[in-house]
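What follows is the residue order along each chain.
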Amino acid sequence: MELKQLEAFTAVVDYNSFSEAAKHLFLTQPTVSAHVAALEKELDTQLIVRTTKRLYITSRGYELYDSAVSMLKTRNHILNEFVGSHKRIIDLGASTIPSSYVLPEILSAFGHLNPDVYFHSELSDSMGIIQQVQSGKLDFGLVGTATEDNDLVFIPFLEDELVIVTPVTPHYLQLEKEKATLDRMLSEPFILREKGSGTKKEVDKYLEKRKIPASSINVVARMNDLEAVKRSIMNGLGISILSAKSIQDLKNSRQVIVFPLDRPAPTRNLYIVYKREHNLLPHVRQFIQFVRNYYQPH
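About the cut-offs
- Throughout, residues of each chain are indexed from 1 in the direction in which the sequence is written.
- Note on the predicted model: pLDDT of at least 70 is required for a residue's local features to be given, and 80 or more for side-chain atom pairs to be given and counted; whole-chain, interface and lining totals, by contrast, use all residues.
- Side-chain measures were taken over the full set of non-hydrogen atoms in the model, leaving aside hydrogen atoms and water.
- Numbered from the N terminus, helices here are DSSP runs of H or I no shorter than four residues, and strands are runs of E no shorter than two.
- For a helix, the expected span equals 1.5 Å multiplied by the residue count minus one.
- Throughout this description, buried means an accessible area under 20% of the type-specific maximum (1.4 Å probe, protein chains only), exposed means over 50%, and partly exposed covers the range between.
- Definition used in this section: a nonpolar core is a set of buried Ala, Val, Leu, Ile, Met, Phe, Trp, Tyr and Cys residues joined via side-chain atoms within 4.5 Å.
- We call two residues contacting when some pair of their heavy atoms lies within 4.5 Å.
- A 1.4 Å probe that fits into a set of points on a 1 Å grid over the protein atoms alone but cannot get out defines a cavity; an open set with protein on both sides within 12 Å along at least five of seven lines defines a pocket, and lining residues are those with an atom within 4 Å of a point.
- Grid points are joined across faces, edges and corners, and a volume is the space filled by probe spheres set on the points.
- Only Asp, Glu, Lys and Arg are considered charged in this grouping, and only Ala, Val, Leu, Ile, Met, Phe, Trp, Tyr, Cys and Pro are considered nonpolar; every other residue, Gly among them, is considered polar.
- Note on geometry: axes are lines fitted to C-alpha atoms, helical ones only across the stretch in contact, with angles between N-to-C directions running from 0 to 180 degrees.
- Oblique is the label for every angle not falling under 35 degrees (roughly parallel), over 145 degrees (roughly antiparallel), or within 65 to 115 degrees (roughly perpendicular).
- Crossings are classed by handedness, with left-handed meaning an anticlockwise turn of the near helix from the far one by less than a right angle and right-handed meaning a clockwise turn.
- Should DSSP find at least two bridges between two strands, the strands are taken to pair.

As for helix 10 (residues 198–209)
The first and last C-alpha atoms of helix 10 sit 17 Å apart over 12 residues, in line with the 16 Å expected at 1.5 Å per residue. Gly198, Thr199, Lys200, Glu202, Val203, Tyr206 and Leu207 are the residues of helix 10 that are buried. After helix 10 finishes, the residue Lys211 shows a positive phi value of roughly 60 degrees.

And the structure:
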């Protein structure tokens, strides 16, 4: 059971509507429905009855509502007590690569200089974060792709190389000695990321530029979770094209083999994204500028 599920459920009860709850929470209606459905499954009881005309809260639903409101009030009290009005809050989102390999070092560095800033972060794929920035739920996001949306501003702050990643087996060790190219690798079993991933979008662009049709790739699995892709590679399921930054630790510890793609190496940018008309607070603008400068050569 997660607090975001309880927030969704209490909002549905408060507004007597899934659509109104979604609007006030800056979520999509399917997301709110999924949160409530997850609660019902975990608690093994029906909380809300929906008909074509209206919805009804069950008796067990009202029991949960009272407890949920109490829990959420306690959460807010704890935040106020420990964070307090003296803290300046930044609501940010990050897709997989920035969340795992950029945010930890940036937040640590910025936090040392600005101890009065409190961060609340959301994790999703690139398109999920972009949608939350668009809805106004987040001050800004760090993502692995840019869109054509004129309401949003995308600022590149870090360039990341794409590479082929394989397991450490005699077969791939031999290919490493031969300096095998992508064309040679196309017959190998490939693990691809799902839609929504910034890496997936950049890989698609690269293959299209090389005029490599999707049908020529031996796809054995599609996964949305980067860590699952990395574990699957190490366990010998297949190979993949990934961000060099995301596998640097595995490369250094020789748990995977990394093959460069054609030179000049294909790269993908990581972006800061915020809403063009959003009135960013001074400390949010300060953090965005800090991120922009952090990876610039000195």
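Some points on the nonpolar core
Counting 41 residues, the largest nonpolar core has Ile90, Phe140, Leu142, Phe157, Ile272, Tyr274 and Phe287 as its most contacted members. Sort the elements by how many residues they give to this core and strand 6 (residues 152–166) lands first, with 6 residues. If near-sequence neighbours (up to four positions away) are discounted, Phe287 is found in contact with Ile90, Leu92, Ile106, Leu107, Phe110, Phe119 and Phe140. Among the nonpolar cores identified, the runner-up in size contains 20 residues, and Leu162, Ala180, Leu192 and Ile257 belong to it.

Some words on empty space enclosed by the protein
A complete count under the given rule lists 2 cavities of 30 Å³ or more for this structure. Of the volumes computed, that of the largest cavity is approximately 70 Å³. For the lining of the largest cavity, the secondary structure elements donating two or more residues are helix 5 (96–101) and helix 10. Among the elements that take part in the lining of the largest cavity, helix 5 stands out by supplying 3 residues, more than any other. As for the second largest cavity, its lining consists of Ile191, Leu192, Arg193, Thr199, Lys200, Val203, Asp204, Ser240 and Ile241. For the lining of the second largest cavity, the elements supplying multiple residues, two or more each, are strand 7 (189–193), helix 10 and strand 9 (240–243). Residue classes in the lining of the second largest cavity are distributed as 4 nonpolar, 2 polar and 3 charged.

Focus on the packing of helix 6 (residues 103–113) against helix 13 (residues 282–294)
Closest axis-to-axis distance for the helix 6/helix 13 pair is 11 Å, and the angle between their directions is 125 degrees. Taken together, the axes of helix 6 and helix 13 lie oblique to each other. Crossing hand, helix 6 versus helix 13: right-handed. Together, Glu105, Ile106, Leu107, Ala109, Phe110 and Leu113 of helix 6 and Gln286, Phe287, Phe290, Val291 and Tyr294 of helix 13 make up the contact between the two elements.

Re the pairing of strand 11 (residues 267–275)
When strand 5 (residues 140–143) meets strand 11, the two strands line up antiparallel, connected through 3 bridges. In the sheet register, Leu142 faces strand 11, and the bridge partner there is Ile272. Sheet topology note: the strand 6/strand 11 ladder contains 9 bridges and is antiparallel. In the strand pairing of strand 11, Asp160 is matched with Arg268.

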